[in-house]
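Survey of secondary and tertiary structure
Now for the letters of each chain:
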Amino acid sequence: MAGAELIGKEEIKEVMDVLRTGVLARYAFDKERQGIWKVRDFEKAFAKYTGAKYALGVTSGSAALKIALTALDVGPGDEVICPAFTFMATYEAVLEVGGIPVMADIDDTLNLDPDDIPNKVTPRTKAVIPVHMCGAPARIDKIIKTAKKHKILVLEDNAQGCGASFKGRKLGTFGHMGIFSFDHYKTITTGEGGLVITNDRDLYHRAEWYHDHGHDHLSPVSRALDGRTILGFNYRMNEIQGALGLAQIRKLDRVIAAQRKNKAAIKEALAPIPGLKFRAIPDPEGDSATFLGFNLPEEEQTLAFQKALKAEGIDTVRFKDNFWHYVPNWEHFLAKSTANSKQHPFSDPRNRKVAYSRKAIPHAEDLLGRTLIMGMNVKMPAAKIRAIRKGIEKAAKIL
Ligand SMILES: Cc1ncc(COP(=O)(O)O)c(C=O)c1O
């Protein structure tokens, strides 16, 4: 649970600063807020931490995806390549802007396989969304190279990889835009919340306008006198979220360091198991270590080991069984059960009919069937780690 485990006096202090002013909104009320601008400060701190030029706080990671796609001008008729292993929000966001998600395979990183991108590109492809699942990087260098070759935009879904990096550069800064989630399960949390980063001034402005009804945020005197730019909506982060984010980002490196230490100790216990392989991480130094992934040679063995671990009190997830993170299991998505009865955008005759067949993603079918994922916590006392290690040793006897 990462950041949520460390909520304490720093968060209380930051939130109290806001409550004392009584101004919970991020814009306007300049006099009443007495110099307190928590969302703005959080955005600045986040931009500095990641090395991005611009950061925009928003209401959720899902909203961040939609805002970024909108800023990138992805819309009706556009196809967007997304990995088969991701949280549903990645696909939902593409549909929200009227685009069509095109499912691609994963590689041994469990993230988007760069080599599958060319197979999925059509004249309608506008963008690709690599997702850095479970806190560790995709082969982002190769993805960027491939996307450039095919002249498609890159939006990094880094909801799960806050603070992670690839060869010294923070994830989220490789693509044209990157997004983050701060929901309660994430590496740092604001309860609900998200953020968009980019180095491109125009993309930042389009995101900023869209997330706040097209306000240009230029009037120094009154929000009512702002100019109107593009039609938008309301995805504004509030000051309480900004305050929590400020306290949490200061703890981010501590969260990652603790998770890395715990992960290393548990990996040691798994390493001697014959045939066991750890998830490939293209840059281990960049792992945020929120999860530990490993695989066994056979699916049946994996299921048996998972059961034996469970008997020792050790929970793991086999994502081939998961209903929220693996496209072939989303029966409502496959049935095109949109919230309205129009089934837009699937039903638009101008769109290509895209298939989401298990046969098209052989690596995902194989790897996710043989991979177990364990969540890492920040607070894992020595006794808990010892018990997990012992449990692993005991469970491994069935192999
Ligand atoms: C990969 C991925 N993308 C997007 C999201 C959406 O984030 P939020 O829950 O903040 O809307 C999540 C949340 O779990 C996620 O895991």
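All of these numbers come straight from a predicted model, not from anything done at the bench. (Residues numbered from 1 in each chain as written. Predicted model: local features only at pLDDT ≥ 70, side-chain atom pairs only at ≥ 80, totals over all residues.)

What follows is about the site of the ligand. What surrounds the ligand is a group of 14 residues, the closest being Gly61, Ser62, Phe87, Ala159 and Ser181. Elements with a contribution of two residues or more to the shell around the ligand: helix H3 (61-71) and helix H4 (89-96). A breakdown of the residues in the shell around the ligand according to their chemical character gives four nonpolar, eight polar and two charged. (Near = placed C-beta within 6 Å. Helix = DSSP H or I, 4+ residues; strand = E, 2+ residues; numbered from the N terminus. Nonpolar A, V, L, I, M, F, W, Y, C, P; charged D, E, K, R; others polar.)

Taken in spatial order, the three strands of this open sheet run E10-E11-E12, and their pairing is antiparallel. Every interior strand has two partners, whereas the edge strands, strand E10 (277-278) and strand E12 (371-375), have only one. The pairing of strand E11 (residues 291-295) with E12 spans five bridges and is classified as antiparallel. The partner of Leu292 across the bridge, within E12, is Met374. (Pairing = 2+ DSSP bridges.)

For the chain, the assigned domains read domain 1 (2-252) and domain 2 (253-398). Facing 44 residues of domain 1, the contacting portion of domain 2 comprises 41 residues. Elements represented by at least two residues in the side of domain 1 that touches domain 2 include exactly H4, strand E3 (100-104) and strand E6 (165-166). Considering each element in turn, the side of domain 1 that touches domain 2 owes the most residues, three residues, to E3. For the side of domain 1 that touches domain 2, a count of residues per class yields 22 nonpolar, 13 polar and nine charged. (Domains from an automatic or database assignment. Contact = placed C-beta atoms within 7 Å.)

This part covers the sheet that holds strand E8 (residues 177-181). Across the sheet, which stays open at both edges, the seven strands sit in the order E1-E9-E8-E5-E4-E2-E3 with mixed pairing between neighbours. Each of the sheet's edge strands pairs with one partner strand only, and the pair in question is strand E1 (54-58) and E3. Between one strand axis and the next, the sheet turns by 25 degrees as a mean value, whatever way the strands run. Alignment of strand E5 (residues 153-157) against E8, held across three bridges, turns out to be parallel. Note that in E8 the partner of Asp157 across the bridge is Ile179. In the packing of helix H2 (residues 38-50) onto the sheet, contacts are made with E1 and strand E9 (194-198), and the angle to E1 comes to roughly 135 degrees. Taken strand by strand, H3 contacts E1, E5, E8 and E9, and its axis lies near 165 degrees from that of E8. (Axes fitted to C-alpha atoms, helices over the stretch in contact; angles between N-to-C directions.)

Turning our attention to the nonpolar core. By size, the foremost hydrophobic cluster in this structure holds 100 residues, and its most contacted members are Ala64, Ile67, Ala68, Leu72, Leu195 and Val196. Among the elements that line this core, the one with the most residues is H3, at seven residues. Each of domain 1 (2-252) and domain 2 (253-398) accounts for three or more of the residues forming this core. With sequence-adjacent residues up to four places away left out, Val196 is seen in contact with Leu56, Val58, Ala64, Ile67, Ala68, Met177, Ile179 and Ala207. (Core = buried A, V, L, I, M, F, W, Y, C linked by C-beta atoms within 7 Å. Buried ≥ 20, exposed ≤ 12 C-beta atoms within 10 Å, placed from the backbone.)

What follows is about the packing of helix H1 (residues 9-21) against helix H8 (residues 239-249). Put simply, H1 and H8 touch, their axes get as near as 8 Å, and they point 150 degrees apart. On the basis of their axis angle, the class for H1 and H8 is roughly antiparallel. For H1 against H8, the interelement crossing comes out right-handed. Contacts from Glu10, Glu11, Glu14, Val15, Asp17 and Val18 of H1 reach H8 at Glu239, Ile240, Ala243, Leu244, Leu246 and Ala247. Partitioning the contact of H1 with H8 into residue classes produces seven nonpolar, no polar and five charged. (Parallel < 35°, antiparallel > 145°, perpendicular 65-115°, else oblique. Left-handed = near helix turned anticlockwise from the far one by under 90°.)

On to the pairing of E9, then. Here E9 lies mainly inside the structure; five of its five residues are buried. Burial along E9 is two-sided: Gly194, Val196 and Thr198 and Leu195 and Ile197, pointing in opposite directions, are all buried. The sheet contact formed by E8 and E9 spans four bridges and is antiparallel. Note that in E9 the partner of Ile179 across the bridge is Val196.

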